[in-house]
Structure formats: C-alpha cells, structure tokens
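Residue-level structure breakdown
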Amino acid sequence: MALCWGGLLVFAALSRALGSLQLSEEHSVPEEWALLHVVQGHIGAGNYSYLRLNHEGRIILHMQSLKGDADLYVSDKTLRPNFDSYKLQSTTCGQDVVVVPGDFLRPVGIGIYGHPSYMESEFEMKVFYDQTALKQGEIEKNSYPSDETPERAPPSGSDLPVLRRCDADIPAHLAPTQTWLESLAGLDSEPLGVVDLHPDVFSVPVRLDILHAVEVWQRNFKRISHAKVKSRAEVSGGGRKPWKQKGSGRARHGSIRSPLWRGGGVAHGPRGPTSYYYMLPMKVRVQGLKIALTAKLAQDYLHIVDSLDIPTLDPHYLQDLVKHRQWGDSVLIVDVSEEFPQNILKATENLKTVNIIPAIGLNVHSMLKHESLVLTLEAVKFLEKKLLWHDVRYTPLYPFKLPYSDLP
Amino acid sequence: MSVFGGLLSRAGTFCARHFSTGTCARIRMHAIPKLKEVDRWTEKRSMFGVYDNIGILGDFKAHPKDLIKGPVWLRGFRGIELQRLIRKKRMVGDRMMTEDKHILDKRISFLYRRFNRYGKHR
C-alpha cells in the first residue's frame, strides 16, 4: 500500500513535470504548421468520441489531456477506430501527437478514448496543417482550388467522376452509398459516372419482418370478399312447421330450411361483403420502402439511369438490353413525371415483364415482384426528399391532408 | 360384383353396396388432372399495388383507402358483421329494395339480441 501511494506520488510529480514540459512544448510549435481547428471535449471512462478529418495534405493532430487521460486512435480504413482497429495511435498520458500523412484516404476516422483509470477526461485537440510536406504526389492531389470541397476517393477506385451528390445533409457518422450511373442509349454503353445515394434511404438495416408486414398489408387492405350465403331466415320458404311436434314418429323440426336440412340455410357461413382493411403506421410503410430500396441496391438489382431516352421504339431493343446487361427476368422502370418519352412508352406497352410506373406509384409489392429496379436521377431525388422527411417531421396534430402552414 | 348388391335395395336402407369384393375407390379418376396454367404477368398482376403509397409519396392529397373498389359502406372501413350492417343501413338503407331491407333489419335485430342478451359477453 505504501509502495502504491509512493508510486502515485511519483506519477503525480512526473505528470506535473510533463505538464510543464507540455507548456514549454506548446510554445515551440513550428511556424509552418498552420492551425486549422481546435476541438475541446469531455469523454467518460471507457468511452469513445469520433471525429472525421476531411482536409487533404499532411495533418498533425496535437491532443492534450487537460484532465484525466485521453488517447488518440487514427484510421483511414474505418471511421470509428478503436483500440483494436487503428492505423496510428498515441496513447501516452498527457500529450498525444499523431501525424496523418497526406496519402491516407479521406475521410480519416479519429477516435478519442477516455482511459478507464479516470472517471472523466477532458481534452483539447489542435489540428495543424503541415505546408512544408508537399511532395510530388501531394502537389498533384492538391491541385484543385482551395475553396472546392475535397473529393472523396471513390471506394470503387474508378476514375469516373461523381455526378450527383446528396441534396439532404448526411449525418456525420455515415458516408453516402455510391453506385453507377448508367445510360439506356446504347446496348453496351459504359457507365457514365458514379452517384451518391443517401445512406438513410439506401443503406438502412434490412428488417425482413417490416418488409413482410408491408407486403401483407398491401395484399389485404384492399381486399373485399363478397362471399355470402343465406342463413335460415333468408332462404325462401321454411315458415311453417313441417309436421306436428308429437305423434308422427319422425324427428321434431320447426322449419324445412334449418341448417340440418338439405337445401336449408348455412348456420355460420360467410356473411356479406367483408372488408379486410387496416392501416400500418405511416413510418412503418415509409421504412418498408427504404428497406426495399436498400435490399435492391445491396443485391445488385438497382440501376440508376440518367434519362429514359432510347433510340428505337422496338420492344426487342429493351429485351436485348436487359439480357445483355443481365438485369434479370423482370424490370421495373420508375421516373418522376407522368409524361414519359414516347419511345419507351411504346416499347414497354406490350412487354409483360418490363413495366414503367411514375415515382408516386412505387411500392414494396412491385419492387418484390420485379427482379430489378431502374430509377432515374430525378426519381432518386424525389424519393430521397419524400422518404427523409419522415425522419425529421413532427407528429401530426391533424391529418396531413388538411393544410399546414409550413408544409407545401 | 357389387352391381347386384346395388340392385337389391330395400326401403329404409341407404347403402348402395351390400357386397363388395374389391377395394374400388368412390372417386373415379382416369387421369391425373393437369395443373392449371396461371399467367403471373397479366396486367392486373403486374400492376398490383401500384399507387398504394400515394399518400406518403404524393403529398397526402389522396389516401390509399380511396383506391379501394367495393361497396360504398365498406371503403376504408372494417368491422364485425353487426357494425357492417348498421353502416350499410345508414349509408344505403333508404335506396335498398324492400325485401333486402327487411332481411337486413331482421339480421340486425337478431345480431343485436345475440350479442347483447345471450352468452357470457353481454
């Protein structure tokens, strides 16, 4: 025990000494390091705080633990590095300095870990940009003007440009999903580029139970069964007692149309047109759409197309295109506007398995029935806008079809 | 062999065969019936479910219950038989035929008495 206390005293003395060293080191920050940002924060014991670094070039992260002990983990492979998945780390007690080289792929994930030996750690992190470390490769990379947002390196590694960014804000801990932008113009035309898709619409966790619930709802809520059979009161006749109660030797009966008799009414049969109407909560139906879109994208059955212009109105052209690109047996084409180009309308008119619908008509059953889904860019924008609104809306005080002052 | 048994029919008996030496099945099938061919891609089947999300994707101008085709008193409504009949009487009762109206009234009063007067749940 005495040794322990002694050790702690020594530790405290060392930390104070280190603290004084830190103060002296702070003044000696090289001048070519440009201070970009200062981040301050608290972190509890055993918890992580995550930050993202998007700036290009050689960055120095200079973190000081004002209270407690905060450790720094940096990785470009994951946006949430921790103590068993990181590329760089600095886990000293006190000052942590990490140099992020320019060739790390942006965005770089930075994790700040509060060491469990302290209940709460307070840190101050300064982000410096090292201007002197501009080598040949980095000069080429930093060749775009400084006011342009830095380009994300595409995960596919292709040279094709990103042709569409998401309009809505993406949460900081998520990255946009990317997919090819194709064209229907030529039979074997190459993809034109890459598009960003919002992760809260196109990469939600796939809840098969919600998908099932929405599909069953779609099948049943419109169902009206017209099955009806006549009960003993409705069948014609049967008002008179067929024979007297006692004396005839036969079983006693009150009417010839009771359910026991041949030709009699049915006791508990289907009664009248029955409806099976019910509504799932709006957010469940919205989530079903998002899950269906995510599933289509994840299974390679989603194709984004710039526009629906095709060269001929021959249905064989579309069939050859679908077969050549291996889109599957059935295709559902979705566009925003009600008016489609004449060519594609005529082509899909007589095709059974290639169907075209406006974006308002999108639904889970059709997405499950058709093997692959083709969306235009405007359809993607429309769907993102409509489906993301439900994540941020207030609960309705009265039905949405009545006018609200802030809703269009 | 079983035909003779069928000819000897006495009054009061309803059995067709009195003697039987074989195990003939009553259902006679000379061939395995063909599977009915269902076209899974008719217009109705391929366009099923389109516009079901007209509310959430279409600015809430319409509701999916407006898409339901059926009797007026059943569009966007679900209930047990008594509730359906009462709703039918309120909505279309005045334009029903007299016999149908009479049957409807009889059924409503029967169900009312059944649910509210007999049994454990009244």
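What follows is about the packing of helix α4 (residues 81-92) of chain B against helix α5 (residues 98-117) of chain B. Any two packed helices are characterised by how steeply their axes cross, that is the angle between the axes, and by the distance between the axes. All names here are of chain B. Where α4 contacts α5, the axes come no closer than 10 Å and their chain directions differ by 140°. Along this stretch, α4 crosses α5, giving a crossing that reads as left-handed. Here E81, L82, L85, I86, K88 and K89 of α4 lie close against α5, whose contacting residues are K101, L104, D105, R107, I108, L111, Y112 and F115. Here the residues of the contact of α4 with α5 are counted per class, giving eight nonpolar, no polar and six charged.

There is a patch of nonpolar side chains on the surface, built from L397, Y398 and L402 of chain A and spanning about 330 Å² of accessible area. Positionally, L397 of chain A belongs in the segment after α9 (377-392).

Glancing now at the interface of chain A and chain B. The partner chain B presents 35 residues to the 47 residues of chain A that form the contact. Of the roughly 3,700 Å² buried between chain A and chain B on both sides combined, carbon and sulfur atoms contribute 61%. When the area that chain A buries against chain B is broken down by residue, the three leading residues are K222, Y277 and K369 of chain A, summing to 16%. Ionic pairing is found between D52 of chain B and K222 of chain A, a salt bridge with its closest N-O pair at 3.1 Å. Across the chain A-chain B interface, the total number found is twelve residue pairs in polar contact (both at pLDDT 80 or more). Taken together, the elements giving at least two residues each to the side of chain A that touches chain B come down to α4 (208-220), β13 (274-275), α5 (282-298), β16 (354-358), α8 (364-369) and α9 of chain A. The greatest single-element share of the side of chain A that touches chain B, amounting to six residues, is contributed by α9 of chain A. When its residues are assigned to classes, the side of chain A that touches chain B shows 22 nonpolar, 15 polar and ten charged.

Conventions used here
- Each chain has its residues counted from 1, running along the sequence as written.
- Naming scheme: in the order in which they are written, chains are lettered from A and ligands are numbered from 1.
- Only residues with pLDDT of at least 70 are given local features in this predicted model, and only at 80 or more are side-chain atom pairs given and counted; all residues enter the totals for whole chains, interfaces and linings.
- Excluded from the side-chain calculation are hydrogens and water; included are all heavy atoms of the structure.
- The axes are straight lines fitted to the C-alpha atoms, using for helices just the contacting stretch, and the angles between their N-to-C directions are given from 0 to 180°.
- The way it works is that DSSP assigns letters per residue, a run of H or I at least four long becomes a helix, a run of E at least two long becomes a strand, and they are numbered from the N terminus.
- Should the near helix be turned anticlockwise from the far one by less than a right angle, the crossing is left-handed, and should it be turned clockwise, the crossing is right-handed.
- Every residue pair with non-hydrogen atoms within 4.5 Å of one another is taken to be in contact.
- Residues are grouped as follows: nonpolar covers Ala, Val, Leu, Ile, Met, Phe, Trp, Tyr, Cys and Pro; charged covers Asp, Glu, Lys and Arg; every other residue, Gly included, is treated as polar.
- Patch definition: residues above 30% relative accessible area lacking any salt bridge, with like charges linked at up to 9 Å and the nonpolar side chains Val, Leu, Ile, Met, Phe, Trp and Tyr linked at up to 5 Å.
- All accessible-area figures derive from a Shrake-Rupley calculation using a 1.4 Å probe, and residue coverage is judged against the displayed protein chains alone.
- Salt bridges are defined by distance alone: a side-chain nitrogen of Lys or Arg within 4 Å of a carboxyl oxygen of Asp or Glu.
- Take the accessible area each of two parts loses on contact, using a 1.4 Å probe, and add the two losses: that sum is the buried area.
- Under this definition, polar contacts are N or O atom pairs within 3.5 Å; protein pairs additionally need one hydrogen-donor-capable and one acceptor-capable atom, and for neighbouring residues in sequence, both atoms have to be side-chain atoms.

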